[in-house]
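So you can see what is in the structure, the chains are spelled out below.
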Amino acid sequence: MKKIWITVGVACALTLAGCGGGEKPAAKSDAGTAPAANAGAATPDLDNGATITGKVTFDGTPPAMKTLDMSAVPACTAAHKTPAKSEELIVGADKGVKNAFVWIKSGLPADKTWAVPTTAVTITQEGCMYSPHVIGIMAGQNLDVKNGDPTNHNIHPMPKINSDFNQSQPPGAPDFEHVFPREEVLMTVKCNIHPWMRAYIGVVSHPFYAVTGDDGTYTIKGLPPGTYTIEVVHEHWLDAPQDQQITVGAKDSKTQDFTLKG
Amino acid sequence: MTAGGLVTSNDAALAAPDWPLNWGRLVPPLEGSIRFEFAHRVLALLVALLTTALALSMQAREPRRWMRQLAWWAVAAVLAQALLGGAMVKLIDPKSLAIAHASLAEICFALTVAIVAGCYGVTEPRPRGSGAFAAVTLFAQAVLGAAVRHGAIGIVPHICGAVIATGAAMWASLAILVRHLDDGKMPRPALTLLGFTALQIFSGIAAYSVRAAAVHDPQPMPLTVWTTVAHVVIGALTLGAAIWLAMTEEG
C-alpha cells in the first residue's frame, strides 16, 4: 500500500507542476535556424543556365472534386459562396494536374551552397483553407503564416526530418514566422481545429523547384549544365513520387513531362 | 474511451496546443475540433475524480485488501493517463506516446472492470484459465490496433492479431459454456465475451472497409469516424468481458 501512495503522490506532484504552464499562443516562433548566410552562395544563372519545362498529366478519368463539410464551423461555411471543394486532386480540362511539386532531387554539386531568398514565402489561412495549397521554400527561408479568417486556427506541420510545431493563431493575431532548416519533400501541414485543412510544403536546399499551375505545367530556370534526377511529388500519390533522369547543357531548353495514373 | 476515440478520429488531439490549460484558459473557444479535445479533457477529469472517490470509498469500507489495492492502482493508472495525455500535447503527439495513451486507457478500463467484478461475486483476485489468456491476447490486439490507428504500423499485424485474439476469446467462452452451462454465474461472462467478440469482428471489417473506400475523401467523414470509434469501444468491452470471465473462472 505504501508503494501505491508514493506512486499517487508523485503523479499528483507532476500534475500540479504542470498547472499554470499553459502556453499563450505565441505571435512568432522560430524553431529552426536563422536563414543561412548568403555570402559566397550561388544564385541561379538565368542567362546561361538551362530551363526545364514540362507538364504533369493525369492518366485516366479524373475523379469529381469532393465537397468539404465545413458545417461544424459557421465562420468557415460563410466564407464560401458555394461549398468549398477538396484540393487533393485538381485536374484541368486538358488533364493537367495542379499543385504537383517538381524539384531537382539530385545531381547538383554537393559542395555548392545556394543563396536563400531574403523574402518570406507566405501561406494564408483563408476561408478555412490554406492558400496556396502547395508551396516550395528553401531550407533556411522564412515561412510567413497569416490568419485571414475571423476564426481560430492552428498550424501543425508534420515533418519527418525537420522539427515539428503546433502553433495556435487566433483571428487578428500577428503573422507567425518559421524556418525549416533541412531539406524535406513533401511535408503535410494540418489544422487540428478544421481537419479538412491541408497544405503541403516542399523544403529544398536549392532554388530549382516549382509547383504546377492550373494547366499542370511548370518551369525550372537557371539550372547549371549537368545530369539530374528530377522528381514530381503530389499529395494524391504521396507515397509514389516519380523520378526521371535529364541531362542539360548551358542555355538548353528541355521538356520533361510526367504522367500520374489515376 | 469514446471521447478519446472521437479525438483521434477527428484528428483533434492537438486542437488545444497547450496543457493543462486550453488555449491559455480553463474553457477554450468551443469551435471546430477544439470541442472534441476539450470534452475529452473534461471527461478525463471526471473519470479521475470518480476513480479517486471510488478508491477512498473502498479504503473506508472494503474489507478485502486486494480490492482496495486494485482501486488505488486504478487511480494511479488514471493519473498516469492524464500525464501521458499532457505529454502528448507538449511533445506534439509522438506516435509512441499516442499508442501508450491508448493502451493505458485499456488498462484503466480493465482495472475498473476487475473492481466491478470484485463487487459482484468474485472472491479471489487471481484471474486464471483460458479467460486470462483471452484477456492478454485481446490487450495485445488493442495495442496493435492503437499502433495502426496512429500510423506506426500497417494493417497486417492487426489482422493477424485479430485471428489469434478471436480464437482465444472464442475458445475461452465456448469452453466455459460447454463445461458450465448449468452453473448460474459462469455462462454470463462467457456469453458476453462471445457476443462482443462477434460484434468486434464485424465492427473491424466495417471500420476497415469504410476507411479503404474513403481513402481519398476529405476526412474526417462521419461514417469513418463512427465505425472506427465503435471498433475501439467494442474492443475495450471485449477486453472487459474477458477480464470478467477470467476473474469468474474456476480453476
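One structure accompanies this document, and this report is about it. Just so it is clear, the structure is predicted and the values come from calculations on it, not from any experiment.

1. Some words on the overall build of chain A
The number of helices and strands found in chain A is two helices and 17 strands. By sequence separation, contacts in chain A at least 24 residues apart represent 67% of the contacts at least 6 residues apart. Carbon and sulfur atoms make up 54% of the accessible area of chain A, which amounts to about 12,000 Å² in all.

2. A short note on the overall build of chain B
Across its full length, chain B carries eight helices and zero strands. The linear arrangement of helices and strands in chain B, starting from the amino end, is α-α-α-α-α-α-α-α. The C-alpha radius of gyration of chain B comes to 19 Å, within 12% of the 18 Å expected for a compact globule of 251 residues. The dimensions of chain B, computed from C-alpha atoms along their principal axes, are 55 × 50 × 25 Å. Out of the 251 residues belonging to chain B, those deemed buried represent 50%. Pairs at least 24 residues apart make up 70% of the contacts formed inside chain B by residues separated by at least 6 positions. When the accessible surface of chain B is split by element, carbon and sulfur atoms take 73% of a total near 11,600 Å². Across chain B, the mean location of the 16 positive side-chain charges is 6 Å away from that of the 13 negative side-chain charges.

3. Re the side chain of A:His236
Within the secondary structure, A:His236 is located in the loop between β14 (226-233) and β15 (242-248). A polar atom in the side chain of A:His236 sits 2.6 Å from the side chain of A:Glu88. Dropping the residues within four chain positions of it, A:His236 is found in contact with A:Glu88, A:Leu89 and B:His216.

4. Considerations on the sheet that holds strand β2 (residues 101-106) of chain A
Residues and elements named next belong to chain A. If you trace the four strands from one edge of the open sheet to the other, you get β12-β2-β14-β15, paired in antiparallel fashion. Strands with a single pairing partner mark the edges of an open sheet, and in this sheet they are β12 (209-211) and β15. The mean angle between the axes of side-by-side strands here comes to 30°, regardless of whether they run parallel or antiparallel. The pairing of β2 with β14 spans five bridges and is antiparallel. By the bridge assignment for β14, serine 106 is matched with threonine 229.

5. Regarding the state of the cysteines
Residue and element names in this part refer to chain A. For the coordinates displayed, the defined rule picks out one disulfide over all chains. A sulfur-sulfur separation of 1.9 Å characterises the disulfide bridge that pairs cysteine 76 with cysteine 128. The sign of the -70° torsion about the S-S bond sets the cysteine 76-cysteine 128 disulfide as left-handed. In this pair, cysteine 76 is assigned in helix α2 (residues 74-78) and cysteine 128 in the loop between β3 (121-126) and β4 (129-131), connecting sequence segments 52 residues apart. Classification of cysteine 76 by relative accessible area gives buried; the value is 0%. Looking at cysteine 128, the relative accessible area reads 0%, which means it is buried.

6. Describing the sheet that holds strand β5 (residues 134-138) of chain A
Residue and element names in this part refer to chain A. Strand order across the open sheet formed by five strands is β5-β11-β10-β7-β8, with mixed pairing between neighbours. The open sheet has two edge strands with one neighbour each: β5 and β8 (167-169). Ignoring which end each strand starts from, the neighbouring axes of this sheet average 25° apart. Two elements, strand β7 (residues 153-158) and β8, share three bridges in a ladder whose sense is antiparallel.

7. Focus on the environment of B:Cys119
Residue and element names in this part refer to chain B. In this fold, cysteine 119 is placed in helix α4 (residues 95-119). Taking the relative accessible area as the measure of exposure, cysteine 119 reaches 41% and is therefore partly exposed. Along the sequence, cysteine 119 and glutamate 62 sit 57 residues apart, while their C-alpha atoms lie 9.5 Å from each other. Dropping the residues within four chain positions of it, cysteine 119 is found in contact with Met58, Arg64 and Met67.

8. A closer look at the pattern of salt bridges
Should the charged atoms of two oppositely charged side chains come close, the side chains can pair. Residue and element names in this part refer to chain A. Under the criterion given, the structure shown has twelve salt bridges over all chains. With its nearest N and O atoms 3.2 Å apart, the salt bridge here joins glutamate 231 to lysine 105. Of this pair, glutamate 231 sits in strand β14 while lysine 105 sits in strand β2; the two residues are 126 residues apart in sequence, bridging distant segments of the chain. Judged by its relative accessible area of 5%, glutamate 231 falls in the buried class.

Basis of the calculations
Residues numbered from 1 in each chain as written. Chains lettered and ligands numbered in written order. Predicted model: local features only at pLDDT ≥ 70, side-chain atom pairs only at ≥ 80, totals over all residues. Heavy atoms only, no water. Helix = DSSP H or I, 4+ residues; strand = E, 2+ residues; numbered from the N terminus. Contact = heavy atoms within 4.5 Å. Areas by Shrake-Rupley, 256 points an atom, 1.4 Å probe, with all protein chains shown as cover. Rg over C-alpha atoms; globule rule 2.2 N^0.38 Å. Buried < 20%, exposed > 50% of the residue type's maximum accessible area, 1.4 Å probe, protein only. Lys, Arg positive; Asp, Glu negative; His and termini not counted. Charge placed at Lys NZ, Arg CZ, Asp CG, Glu CD. Polar contact = N/O pair within 3.5 Å; in protein donor to acceptor, adjacent residues only side chain to side chain. Pairing = 2+ DSSP bridges. Axes fitted to C-alpha atoms, helices over the stretch in contact; angles between N-to-C directions. Disulfide = S-S within 2.5 Å. Salt bridge = Lys/Arg side-chain N within 4 Å of Asp/Glu carboxyl O.

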